[in-house]
Amino acid sequence: MTRRRSYNCAKTEPSELKRLLARSIKRCLPRNGRALFAWVSMFLIRGLTSPMLAQAGQSLVWLKRDLPPLFIFEGPNKDQGVIDQLLRQLIAGMPQYQHSVMKVNRARGLQMLREPVLRCDAALNWSRERESWIAFSLPVFRAMSNGLAVRRVDHEVLTPYIKDGEVDLAALLASRRITLGIIAERNYGEFLDTLLKQAPTQALTLHYGTDALGSLLQMQRLGRLGLVLGYRPEIRYQAQLQGIAEGELQFYPIQGTGKYLSGYIGCTDSPQGRQAIIEINQLLRSLPHEPLSEAYAAWLDPQSRGEYLEASRAFFEQQAGH
(Lines give C-alpha, C1' and ligand atoms only; values in the text may rest on other atoms or scores of the structure.)
Protein backbone atom coordinates (compact mmCIF):
# COMPACT_ATOMS: atom_id res chain seq x y z
CA MET A 1 0.00 0.00 0.00
CA THR A 2 1.49 3.30 -1.06
CA ARG A 3 1.17 6.13 1.40
CA ARG A 4 3.23 8.89 -0.15
CA ARG A 5 2.13 12.20 1.39
CA SER A 6 3.24 15.18 -0.68
CA TYR A 7 1.22 18.24 0.24
CA ASN A 8 2.09 20.59 -2.60
CA CYS A 9 0.47 23.96 -1.86
CA ALA A 10 1.23 27.15 -3.77
CA LYS A 11 -0.79 30.29 -3.16
CA THR A 12 -1.65 32.19 -6.33
CA GLU A 13 0.46 35.31 -6.75
CA PRO A 14 -1.23 38.70 -7.34
CA SER A 15 0.04 38.64 -10.93
CA GLU A 16 -1.88 35.42 -11.62
CA LEU A 17 -5.09 36.84 -10.17
CA LYS A 18 -4.65 39.90 -12.38
CA ARG A 19 -4.38 37.64 -15.42
CA LEU A 20 -7.46 35.67 -14.35
CA LEU A 21 -9.54 38.82 -13.93
CA ALA A 22 -8.26 40.45 -17.10
CA ARG A 23 -8.90 37.33 -19.18
CA SER A 24 -12.45 36.97 -17.86
CA ILE A 25 -13.31 40.63 -18.48
CA LYS A 26 -11.80 40.66 -21.95
CA ARG A 27 -13.88 37.67 -23.04
CA CYS A 28 -17.07 39.42 -21.99
CA LEU A 29 -16.43 42.65 -23.95
CA PRO A 30 -17.03 43.36 -27.65
CA ARG A 31 -14.03 43.65 -29.93
CA ASN A 32 -14.29 47.45 -30.05
CA GLY A 33 -14.27 47.72 -26.26
CA ARG A 34 -10.49 47.77 -25.76
CA ALA A 35 -10.45 51.20 -24.11
CA LEU A 36 -13.16 50.14 -21.68
CA PHE A 37 -11.28 46.87 -21.08
CA ALA A 38 -8.11 48.77 -20.19
CA TRP A 39 -9.98 51.10 -17.83
CA VAL A 40 -11.88 48.34 -16.02
CA SER A 41 -8.77 46.16 -15.77
CA MET A 42 -6.78 49.04 -14.26
CA PHE A 43 -9.53 49.62 -11.69
CA LEU A 44 -9.72 45.96 -10.64
CA ILE A 45 -5.99 45.41 -10.62
CA ARG A 46 -5.46 48.49 -8.45
CA GLY A 47 -8.20 47.14 -6.20
CA LEU A 48 -6.16 44.01 -5.59
CA THR A 49 -3.35 46.06 -4.11
CA SER A 50 -5.32 48.89 -2.53
CA PRO A 51 -5.12 48.71 1.29
CA MET A 52 -8.58 50.29 1.66
CA LEU A 53 -10.29 47.78 -0.65
CA ALA A 54 -8.29 44.90 0.77
CA GLN A 55 -9.71 45.65 4.20
CA ALA A 56 -13.25 45.85 2.84
CA GLY A 57 -13.33 42.45 1.11
CA GLN A 58 -13.24 39.09 2.90
CA SER A 59 -10.59 36.63 1.82
CA LEU A 60 -11.82 33.56 -0.10
CA VAL A 61 -9.30 30.82 -0.88
CA TRP A 62 -10.11 28.53 -3.83
CA LEU A 63 -8.58 25.07 -3.60
CA LYS A 64 -7.40 23.45 -6.82
CA ARG A 65 -5.94 20.00 -7.44
CA ASP A 66 -4.53 18.39 -10.55
CA LEU A 67 -7.69 16.74 -11.89
CA PRO A 68 -7.82 16.73 -15.70
CA PRO A 69 -9.98 17.66 -17.49
CA LEU A 70 -11.43 19.76 -14.64
CA PHE A 71 -8.19 21.35 -13.40
CA ILE A 72 -4.96 21.15 -15.41
CA PHE A 73 -1.68 22.20 -13.81
CA GLU A 74 0.87 21.50 -16.54
CA GLY A 75 1.26 20.99 -20.29
CA PRO A 76 -0.19 22.74 -23.33
CA ASN A 77 -3.66 22.90 -21.72
CA LYS A 78 -2.44 24.40 -18.46
CA ASP A 79 -5.20 26.37 -16.69
CA GLN A 80 -7.67 25.50 -19.49
CA GLY A 81 -9.53 22.74 -17.66
CA VAL A 82 -13.32 22.77 -17.46
CA ILE A 83 -13.41 24.10 -13.88
CA ASP A 84 -10.39 26.32 -14.47
CA GLN A 85 -12.69 28.21 -16.86
CA LEU A 86 -15.56 28.29 -14.38
CA LEU A 87 -13.27 29.52 -11.61
CA ARG A 88 -12.29 32.55 -13.66
CA GLN A 89 -15.99 33.39 -14.04
CA LEU A 90 -16.61 32.96 -10.31
CA ILE A 91 -13.69 35.20 -9.39
CA ALA A 92 -14.76 37.90 -11.87
CA GLY A 93 -18.38 37.66 -10.74
CA MET A 94 -17.68 37.96 -6.99
CA PRO A 95 -15.65 41.18 -6.57
CA GLN A 96 -16.88 41.49 -2.98
CA TYR A 97 -14.18 38.95 -2.01
CA GLN A 98 -10.40 38.99 -2.06
CA HIS A 99 -9.74 35.82 -4.08
CA SER A 100 -6.65 33.64 -3.97
CA VAL A 101 -6.02 30.19 -5.43
CA MET A 102 -4.09 27.39 -3.74
CA LYS A 103 -2.93 24.16 -5.35
CA VAL A 104 -3.36 21.12 -3.10
CA ASN A 105 -3.74 17.37 -3.33
CA ARG A 106 -7.01 15.65 -2.41
CA ALA A 107 -6.11 14.77 1.18
CA ARG A 108 -4.76 18.23 1.99
CA GLY A 109 -7.73 19.95 0.34
CA LEU A 110 -10.25 18.04 2.45
CA GLN A 111 -8.27 18.78 5.60
CA MET A 112 -8.31 22.51 4.78
CA LEU A 113 -12.09 22.50 4.23
CA ARG A 114 -12.45 21.29 7.84
CA GLU A 115 -10.59 24.35 9.15
CA PRO A 116 -12.43 27.59 10.08
CA VAL A 117 -10.80 29.75 7.36
CA LEU A 118 -13.12 30.46 4.40
CA ARG A 119 -12.11 28.10 1.61
CA CYS A 120 -13.98 26.63 -1.34
CA ASP A 121 -13.42 23.81 -3.82
CA ALA A 122 -15.18 24.12 -7.18
CA ALA A 123 -15.12 20.42 -8.11
CA LEU A 124 -16.52 18.19 -5.38
CA ASN A 125 -18.81 15.17 -5.29
CA TRP A 126 -21.68 15.38 -2.83
CA SER A 127 -22.23 12.74 -0.15
CA ARG A 128 -24.30 12.58 3.04
CA GLU A 129 -21.14 12.26 5.08
CA ARG A 130 -19.55 15.30 3.45
CA GLU A 131 -22.71 17.37 3.81
CA SER A 132 -22.29 17.17 7.58
CA TRP A 133 -19.15 19.32 7.37
CA ILE A 134 -19.13 20.99 3.91
CA ALA A 135 -21.58 23.63 2.63
CA PHE A 136 -22.56 22.62 -0.92
CA SER A 137 -23.79 24.66 -3.86
CA LEU A 138 -26.34 23.77 -6.48
CA PRO A 139 -25.13 21.20 -9.04
CA VAL A 140 -22.53 22.88 -11.25
CA PHE A 141 -21.70 20.34 -13.95
CA ARG A 142 -22.29 16.75 -15.00
CA ALA A 143 -19.52 14.20 -15.44
CA MET A 144 -19.35 10.61 -16.57
CA SER A 145 -19.22 8.24 -13.61
CA ASN A 146 -16.07 6.46 -12.51
CA GLY A 147 -15.10 3.21 -14.17
CA LEU A 148 -12.31 0.64 -14.30
CA ALA A 149 -9.19 0.83 -16.45
CA VAL A 150 -7.49 -2.50 -17.18
CA ARG A 151 -4.56 -3.37 -19.40
CA ARG A 152 -5.84 -4.88 -22.63
CA VAL A 153 -3.63 -7.93 -22.08
CA ASP A 154 -5.30 -8.53 -18.70
CA HIS A 155 -8.94 -7.91 -19.64
CA GLU A 156 -9.92 -11.58 -19.52
CA VAL A 157 -9.70 -11.56 -15.72
CA LEU A 158 -12.83 -9.38 -15.78
CA THR A 159 -14.86 -11.64 -18.06
CA PRO A 160 -16.64 -13.62 -15.29
CA TYR A 161 -17.77 -10.35 -13.68
CA ILE A 162 -19.10 -8.54 -16.77
CA LYS A 163 -22.84 -8.42 -17.43
CA ASP A 164 -24.38 -6.20 -20.12
CA GLY A 165 -21.03 -4.48 -20.57
CA GLU A 166 -20.68 -3.49 -16.90
CA VAL A 167 -18.43 -4.93 -14.18
CA ASP A 168 -19.86 -6.31 -10.93
CA LEU A 169 -17.21 -4.62 -8.81
CA ALA A 170 -18.54 -5.95 -5.48
CA ALA A 171 -18.14 -9.57 -6.64
CA LEU A 172 -14.76 -8.84 -8.21
CA LEU A 173 -13.35 -7.31 -5.04
CA ALA A 174 -14.77 -10.10 -2.89
CA SER A 175 -12.99 -12.68 -5.09
CA ARG A 176 -9.61 -11.12 -4.21
CA ARG A 177 -8.40 -12.11 -7.67
CA ILE A 178 -7.15 -8.67 -8.60
CA THR A 179 -5.91 -5.51 -6.88
CA LEU A 180 -7.67 -2.19 -7.45
CA GLY A 181 -5.76 1.08 -7.29
CA ILE A 182 -7.60 4.09 -5.87
CA ILE A 183 -6.71 7.64 -4.81
CA ALA A 184 -6.75 7.94 -1.03
CA GLU A 185 -9.54 10.07 0.45
CA ARG A 186 -11.15 10.73 -2.93
CA ASN A 187 -14.94 10.58 -3.01
CA TYR A 188 -16.05 8.31 -5.87
CA GLY A 189 -19.77 8.76 -5.22
CA GLU A 190 -21.84 7.17 -2.47
CA PHE A 191 -22.38 3.86 -4.25
CA LEU A 192 -18.70 3.23 -4.98
CA ASP A 193 -17.54 4.60 -1.63
CA THR A 194 -19.77 2.04 0.12
CA LEU A 195 -18.32 -0.79 -2.00
CA LEU A 196 -14.75 0.31 -1.28
CA LYS A 197 -15.39 0.48 2.48
CA GLN A 198 -16.72 -3.09 2.38
CA ALA A 199 -13.89 -4.44 0.21
CA PRO A 200 -11.15 -6.69 1.66
CA THR A 201 -8.17 -4.54 2.61
CA GLN A 202 -5.78 -6.55 0.45
CA ALA A 203 -7.96 -5.94 -2.62
CA LEU A 204 -7.16 -2.21 -2.59
CA THR A 205 -4.02 -0.14 -3.10
CA LEU A 206 -4.41 3.45 -1.88
CA HIS A 207 -2.16 6.20 -3.14
CA TYR A 208 -1.61 9.61 -1.53
CA GLY A 209 0.08 12.46 -3.33
CA THR A 210 -0.32 15.10 -6.00
CA ASP A 211 0.28 12.75 -8.94
CA ALA A 212 -1.56 9.78 -7.46
CA LEU A 213 -3.40 8.68 -10.60
CA GLY A 214 -0.31 8.89 -12.78
CA SER A 215 1.60 6.78 -10.26
CA LEU A 216 -1.21 4.21 -10.12
CA LEU A 217 -1.20 3.92 -13.92
CA GLN A 218 2.55 3.32 -13.90
CA MET A 219 2.14 0.66 -11.20
CA GLN A 220 -0.50 -0.98 -13.38
CA ARG A 221 1.79 -0.80 -16.41
CA LEU A 222 4.47 -2.64 -14.41
CA GLY A 223 1.99 -5.36 -13.43
CA ARG A 224 1.78 -4.36 -9.77
CA LEU A 225 -1.91 -3.43 -10.08
CA GLY A 226 -4.69 -5.09 -11.99
CA LEU A 227 -7.22 -2.25 -12.14
CA VAL A 228 -7.34 1.52 -11.66
CA LEU A 229 -10.54 3.32 -10.65
CA GLY A 230 -11.24 6.75 -12.05
CA TYR A 231 -12.98 8.98 -14.54
CA ARG A 232 -12.44 7.93 -18.13
CA PRO A 233 -11.38 11.40 -19.43
CA GLU A 234 -8.96 11.80 -16.51
CA ILE A 235 -7.46 8.35 -17.07
CA ARG A 236 -7.08 8.96 -20.81
CA TYR A 237 -5.33 12.27 -20.14
CA GLN A 238 -3.02 10.92 -17.43
CA ALA A 239 -2.18 7.83 -19.49
CA GLN A 240 -1.05 10.09 -22.31
CA LEU A 241 1.17 12.06 -19.94
CA GLN A 242 2.67 8.80 -18.68
CA GLY A 243 3.46 7.64 -22.23
CA ILE A 244 0.79 4.92 -22.14
CA ALA A 245 -0.88 4.47 -25.51
CA GLU A 246 -4.66 4.62 -25.45
CA GLY A 247 -4.81 1.18 -27.07
CA GLU A 248 -3.00 -0.37 -24.09
CA LEU A 249 -5.99 0.19 -21.80
CA GLN A 250 -9.64 -0.81 -21.83
CA PHE A 251 -12.28 0.98 -19.81
CA TYR A 252 -15.38 -0.60 -18.25
CA PRO A 253 -18.36 0.99 -16.48
CA ILE A 254 -19.42 -0.37 -13.09
CA GLN A 255 -22.80 -1.85 -12.26
CA GLY A 256 -24.96 0.35 -10.07
CA THR A 257 -23.12 3.65 -10.50
CA GLY A 258 -25.37 5.28 -13.08
CA LYS A 259 -23.89 6.80 -16.18
CA TYR A 260 -23.37 10.34 -14.87
CA LEU A 261 -22.88 12.19 -11.60
CA SER A 262 -22.99 15.83 -10.56
CA GLY A 263 -20.16 18.08 -9.50
CA TYR A 264 -20.62 20.80 -6.87
CA ILE A 265 -18.83 23.71 -5.26
CA GLY A 266 -18.16 23.12 -1.59
CA CYS A 267 -17.11 25.67 1.03
CA THR A 268 -16.14 25.61 4.69
CA ASP A 269 -19.26 24.87 6.76
CA SER A 270 -19.20 28.10 8.74
CA PRO A 271 -21.39 31.23 8.68
CA GLN A 272 -18.95 32.77 6.19
CA GLY A 273 -18.90 29.60 4.06
CA ARG A 274 -22.67 29.28 3.99
CA GLN A 275 -22.99 32.94 3.01
CA ALA A 276 -20.44 32.40 0.22
CA ILE A 277 -22.53 29.47 -1.07
CA ILE A 278 -25.64 31.70 -1.16
CA GLU A 279 -23.74 34.20 -3.30
CA ILE A 280 -22.20 31.46 -5.45
CA ASN A 281 -25.65 29.98 -6.11
CA GLN A 282 -26.94 33.39 -7.17
CA LEU A 283 -24.10 33.65 -9.67
CA LEU A 284 -24.55 30.07 -10.90
CA ARG A 285 -28.22 30.74 -11.67
CA SER A 286 -27.15 33.55 -14.00
CA LEU A 287 -24.53 31.49 -15.87
CA PRO A 288 -25.53 29.22 -18.78
CA HIS A 289 -24.66 25.53 -18.35
CA GLU A 290 -24.06 24.81 -22.03
CA PRO A 291 -20.48 26.21 -22.26
CA LEU A 292 -19.37 24.10 -19.29
CA SER A 293 -21.01 20.97 -20.71
CA GLU A 294 -19.46 21.57 -24.11
CA ALA A 295 -16.03 22.11 -22.55
CA TYR A 296 -16.35 18.78 -20.72
CA ALA A 297 -17.71 16.97 -23.80
CA ALA A 298 -14.61 18.01 -25.77
CA TRP A 299 -12.58 15.67 -23.55
CA LEU A 300 -14.80 12.64 -24.20
CA ASP A 301 -14.38 10.06 -26.92
CA PRO A 302 -16.46 10.95 -30.00
CA GLN A 303 -19.03 8.18 -29.37
CA SER A 304 -19.89 9.56 -25.92
CA ARG A 305 -20.15 13.29 -26.68
CA GLY A 306 -23.62 13.56 -28.17
CA GLU A 307 -25.27 11.37 -25.55
CA TYR A 308 -23.51 13.24 -22.75
CA LEU A 309 -24.56 16.67 -24.04
CA GLU A 310 -28.19 15.61 -24.34
CA ALA A 311 -28.18 14.05 -20.86
CA SER A 312 -26.57 17.16 -19.35
CA ARG A 313 -29.07 19.48 -21.05
CA ALA A 314 -32.02 17.41 -19.81
CA PHE A 315 -30.62 17.31 -16.26
CA PHE A 316 -30.21 21.08 -15.91
CA GLU A 317 -33.56 21.78 -17.55
CA GLN A 318 -35.14 19.52 -14.94
CA GLN A 319 -33.20 21.30 -12.18
CA ALA A 320 -34.54 24.62 -13.42
CA GLY A 321 -38.09 23.27 -13.41
CA HIS A 322 -38.57 23.45 -17.18
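Source: prediction; values computed, not measured.

**Brief notes about the nonpolar core**
Thought 1: Counting residues in each nonpolar core, the largest one holds 41 residues, and the members touching the most others are Leu169, Leu180 and Leu229.
Thought 2: For this core, the element with the highest residue contribution is helix 9 (residues 212-221), accounting for five residues.
Thought 3: In contact with Leu169, other than residues within four places in its own chain, are Leu148, Leu180, Leu192, Leu195 and Ile254.
Thought 4: Core analysis: the next-biggest nonpolar cluster, separate from the first, contains 40 residues, Leu60, Tyr97, Ala143 and Cys267 among them.

**With respect to the packing of aromatic side chains**
Thought 1: Here the structure, examined in full by the defined rule, presents five aromatic pairs.
Thought 2: Taking 5.5 Å as the distance between ring centres and 65 degrees as the angle between the ring planes, the aromatic pair formed by Tyr237 and Trp299 counts as edge-to-face. Taken as a pair, Tyr237 in helix 10 (residues 232-241) and Trp299 in the loop between helix 12 (290-297) and helix 13 (302-319) lie far apart in primary sequence, 62 residues in all.
Thought 3: Residues Tyr260 and Tyr308 carry aromatic rings whose centres are separated by 5.9 Å and whose planes lie at 55 degrees to one another, so their mutual orientation is tilted. With a gap of 48 residues between them, Tyr260 in strand 12 (residues 260-268) and Tyr308 in helix 13 connect regions that are remote in the sequence. Comparing Tyr260 with Tyr308, the two get one shared label, buried.
Thought 4: Counting every residue linked through ring pairs, the aromatic cluster contains Tyr260, Tyr296 and Tyr308.
Thought 5: The side chain of Arg114 reaches across the aromatic face of Trp133, ending 3.8 Å from its centre.
Thought 6: The aromatic ring of Phe315 is capped on one face by Arg142, whose charged end is 4.0 Å from the ring centroid.

What counts and how
Once a new chain begins, its residue numbering starts again from 1 and follows that chain's sequence as written. Where totals are concerned, whole chains, interfaces and linings use all residues; where local detail is concerned, this predicted model gives features only for residues with pLDDT of at least 70, and gives and counts side-chain atom pairs only at 80 or more. Hydrogens are left out, water is left out, and the side-chain values use all remaining heavy atoms of the structure. We define a nonpolar core as any set of buried Ala, Val, Leu, Ile, Met, Phe, Trp, Tyr and Cys residues linked to one another through side-chain atoms lying within 4.5 Å. Buried means the residue's accessible area, taken with a 1.4 Å probe over protein chains only, is under 20% of the maximum for its type, while exposed means over 50%, and partly exposed covers the values in between. Comment: elements are numbered from the N terminus, with helices defined as DSSP H or I runs of at least four residues and strands as E runs of at least two. Working rule for contacts: check all heavy atoms of both residues, and any pair within 4.5 Å makes them a contact. The rule is short: rings of Phe, Tyr and Trp, with Trp giving its six-membered ring, pair when the centres are within 6.5 Å, and they are stacked under 30 degrees, edge-to-face over 60, tilted in between. Counting as a charge over the ring demands two things of the Lys NZ or Arg CZ atom: a distance within 6 Å of the ring centre and an angle within 35 degrees of the ring normal.

Function-wise, these values are silent; they only describe arrangement.
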